[in-house]
Structures are given as structure tokens and as C-alpha cells.
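Chain by chain, the residues run as shown.
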Amino acid sequence: MTHLVGIIMPLFNKGKYVKRAVESVLTQTYSRWELIIVDDGSTDNSVDEIPMGDPRIKLFRNKNLGPAAARNFGATQTSADILCFLDADDYFYIDKIEHDVGLFNQYPAISWHVACFDHEINASISKIHIKDKNGNIITGTPKLFLDAVQQLQLSGWHINGVCIRKDIFFSKLKGFDENFRCYEITDFVYRCALEIPNVLISPYATSRVIDVPDSAFKITEDRIDGIGQLSKRFHILSIKYPAYAPILNILSFNYAKSYVYALIFSSRKLSAINFLLNQFPFKKNISWLKLLLLSCQPDYILSQLKAFHHKSDKQQAT
């Protein structure tokens, strides 16, 4: 079956990279696609750098609402039956769309599938594999998993590797949560796995994800807030999906701790204390007390602790 594929690209101040991303779509071996670019209020020359000569490319310009909102809007603007996603600072390999469509044709019952990707940082390239719950890398031919949450490690998946039927994207998942400015992909992947447990995993890298210095993911405030939102989200999901409550509660608790640490070490101690006293979704046990005591420490002690942890991390890395 010949599917029309909608490629959704959120764009915000990626003038240095967007031409490369668009050209990676133009050179695809599979030709039935629409590229929906949603400029999310860019203030640089991003829009001017887009090659607009192909009628399959559609550009929309919106105010800045974040990547989740941009992707959702883009998905409403395509008549495709399959959706995939491309961040403007990354690029697809030449057979990415052919690969994705081929999997839907080979496995017509599936609603979504995920491929691994290559990660480039400082000109060093490594393949990011998808792993099962035991930490085993998924290799060989694509494999169907019937219970993604129980069988797979879901962290580290990139949106460039996700391909999903458009009707499922809207009817089952209601798209991305637009309240997230960061970690919206983590939230989306977990909701996919909970709502649609059957997922096909491809060990074939279909895109390159590039670590760029001006990535939106590196905005500290958005990252910290996203960690807090994930803690709350996993707690809510643990109630909605009681069969997975043990897993989701562990995730919620770990993100809650990470959120408090992030607040403390970014000079937002009062926010950390408020969260612990008024919003912490778990019992106030010894772990909670340790966090509260840490959040009350003077800045000079916290700076010494931060330096110690940083030194320990560097030693472990070497």
C-alpha cells in the first residue's frame, strides 16, 4: 500500500540548520510525503533559509507556543494517514520514509513503530540503540513487543524515530501535551506505550540527531520545569493505569527527587521547599526529610556539594 506520510517539523531559531533538514526530506527515496513546517515564532533568519521550491513543502507561521503545540498544529495541516517528525536541527537518512512505510505495509496491524538513531556530538557519532528491560540491545530484524512498558526501556527514544498513524495520534493520545516546553517527547512516548502497548522496534537508524549549542532542550528553566511536570504526569498515569502503578510510581518519585535537586542547585530553594511541603505526591518519609534538609542548607555548602558531585562525575567518566 502506498501511504501519504506527513513529516512534521517544528521550527524555532534554527536558521543555521533548517536547510540541511529540509534537503534531507527532498532527497528521500520515497516520494509520497508532505513536509509541514511550523515556525514557532522564530526571531532569526530561519524562515528565509527554507528551500520552498517543492509544492510538497508547506510553511505555517505561529506565535511561540513551544514544540508540542507546533507539532500538534502541524499534524492538523496534513492530509497524510501516517505521521513522522523531524526536528529542524537534525536530518533524515535518505531511505527513512521508505523504511517507515515498509514497516506499516509489512505489519498492517501496528499503530506505531520506533527506530533507533545516530547521535552526533562534537563531530563524534554513536548509534543510540533501543533496549529491552534487561538492558539488551535490540538487533537484527524489527521486533514486535506486546507490552512496551513491561518489556522495553522507554527512556532516550527520540521523536525523529517515532512513526504513528494519524488517527491514533489524535483519537488515542490527543497529540503532545502543550503544557510541556521540555520533555514533551518523554511524556508522549510513555503515553503511547500505555495506551497502545503493541509497538514495533526497528534496530535500523533512520536519522541523525545532532547536539547543537543552541538547542531548546538546553534552556535550564524549561528543563527543570519539565522534570517537575513529568513527576506529576507519572503520578497521574499511575492512577489511570493501576496495572502499571509500581513502575509509574517509581518514575514519579525519581523525577520528583530530580526536580527538587534541580531547584536547589539552580538557586530556587524556596520553590523546592514549597514543592516538598505542599505538592510532593508521596509519603513524607526519610527520603523526603533529607531533601527538605538539603533545601535549607546555605548557598556556600550547596556550592561545595555541587562541586564535589561534579568532580565525582568526571572521575567516573574517566
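Okay, so let's go over this structure.

### Points about the overall build of the protein chain
Here is step 1 of the chain: When helices and strands are counted, the protein chain shows eleven helices and twelve strands.
Here is step 2 of the chain: A globule of 318 residues ought to have a C-alpha radius of gyration of about 20 Å, and the protein chain, at 21 Å, matches this closely.
Here is step 3 of the chain: With the principal axes as the frame, the protein chain shows a C-alpha extent of 60 × 45 × 40 Å.
Here is step 4 of the chain: Expressed as a percentage of its 318 residues, the buried residues of the protein chain come to 50%.
Here is step 5 of the chain: Put simply, of all contacts in the protein chain between residues at least 6 apart along the chain, 73% involve residues at least 24 apart.
Here is step 6 of the chain: As displayed, the protein chain has an accessible area near 15,100 Å², and 55% of this comes from carbon and sulfur atoms.
Here is step 7 of the chain: Of the side chains in the protein chain, 36 bear a positive and 32 a negative charge, and the two mean positions are spaced by 7 Å.

### Some words on the nonpolar core
Nonpolar side chains tend toward joint burial in soluble globular proteins.
Here is step 1 of the chain: Trp112, Leu152, Leu154, Trp157, Ile164, Phe188 and Ile201 are the most contacted members of the largest nonpolar core, which has 72 residues in total.
Here is step 2 of the chain: Counting residues per element, this core draws most heavily on helix H8 (residues 245-264), at nine residues.
Here is step 3 of the chain: Discounting residues that sit within four places of it in the chain, Leu154 has contacts with Ala148, Val149, Val189, Tyr190 and Ala193.
Here is step 4 of the chain: Tyr30, Ile82, Cys84 and Leu200 belong to the second largest nonpolar core, which has 26 residues in total.

### Things to note about the packing of helix H6 (residues 184-195) against helix H7 (residues 220-240)
When two helices pack together, their arrangement is given by the angle between their axes and by how far apart the axes lie.
Here is step 1 of the chain: Where H6 meets H7, the closest approach of the two axes is 11 Å, and the angle between their N-to-C directions is 10°. By the angle between their axes, H6 is roughly parallel relative to H7. Side by side, H6 and H7 meet where Thr186, Asp187, Tyr190, Arg191, Leu194 and Glu195 of the first sit next to Leu230, Arg233, Phe234, Leu237 and Lys240 of the second.
Here is step 2 of the chain: Taken together, the residues of the contact of H6 with H7 break down into five nonpolar, one polar and five charged.

### Here we look at unusual backbone geometry
Here is step 1 of the chain: For Asn13, which is not glycine, the phi dihedral falls at a positive 50°.
Here is step 2 of the chain: Residue placement: Asn13 occurs in the loop between strand S1 (5-11) and helix H1 (18-26).
Here is step 3 of the chain: A positive phi is found at Ser267, a non-glycine position, where the angle reads about 65°.
Here is step 4 of the chain: Looking at the element boundaries, Ser267 is found in the loop between H8 and helix H9 (269-279).

### Some details on the sheet that holds strand S11 (residues 199-202)
Here is step 1 of the chain: Across the sheet, eight strands lie side by side as S3-S2-S1-S4-S10-S6-S11-S9; this open sheet has mixed pairing. Across the chains shown, the open sheet's two edge strands, defined by having one partner strand only, are strand S3 (57-62) and strand S9 (143-145). Ignoring which end each strand starts from, the neighbouring axes of this sheet average 20° apart.
Here is step 2 of the chain: Direction of pairing for strand S6 (residues 112-115) relative to strand S10 (residues 162-165): antiparallel, over a ladder of three bridges. Note that in S10 the partner of Trp112 across the bridge is Ile164.
Here is step 3 of the chain: Running at roughly 140° to S6, helix H3 (residues 96-106) makes contact with S1, strand S4 (82-85), S6, S10 and S11 of the sheet.

### A closer look at the layout of surface pockets
Gaps left between atoms are located by rolling a probe of water-molecule size over the structure's atoms.
Here is step 1 of the chain: In this structure, the second largest pocket occupies an estimated 150 Å³ of space.
Here is step 2 of the chain: What lines the second largest pocket is Lys133, Val149, Leu152, Gln153, Leu154, Ser155, Thr186, Tyr190, Ile247, Leu251 and Tyr255.
Here is step 3 of the chain: The element contributing the most residues to the lining of the second largest pocket is H8, with three residues.
Here is step 4 of the chain: By residue class, the composition of the lining of the second largest pocket is seven nonpolar, three polar and one charged.

Cut-offs applied
Residues numbered from 1 in each chain as written. Predicted model: local features only at pLDDT ≥ 70, side-chain atom pairs only at ≥ 80, totals over all residues. Heavy atoms only, no water. Helix = DSSP H or I, 4+ residues; strand = E, 2+ residues; numbered from the N terminus. Rg over C-alpha atoms; globule rule 2.2 N^0.38 Å. Buried < 20%, exposed > 50% of the residue type's maximum accessible area, 1.4 Å probe, protein only. Contact = heavy atoms within 4.5 Å. Areas by Shrake-Rupley, 256 points an atom, 1.4 Å probe, with all protein chains shown as cover. Lys, Arg positive; Asp, Glu negative; His and termini not counted. Charge placed at Lys NZ, Arg CZ, Asp CG, Glu CD. Core = buried A, V, L, I, M, F, W, Y, C linked by side-chain atoms within 4.5 Å. Axes fitted to C-alpha atoms, helices over the stretch in contact; angles between N-to-C directions. Parallel < 35°, antiparallel > 145°, perpendicular 65-115°, else oblique. Nonpolar A, V, L, I, M, F, W, Y, C, P; charged D, E, K, R; others polar. Pairing = 2+ DSSP bridges. 1 Å grid on protein atoms, 1.4 Å probe; cavity = no way out; pocket = protein on both sides within 12 Å on 5 of 7 lines; lining within 4 Å. Points joined across faces, edges and corners; volume = space filled by probe spheres on them.

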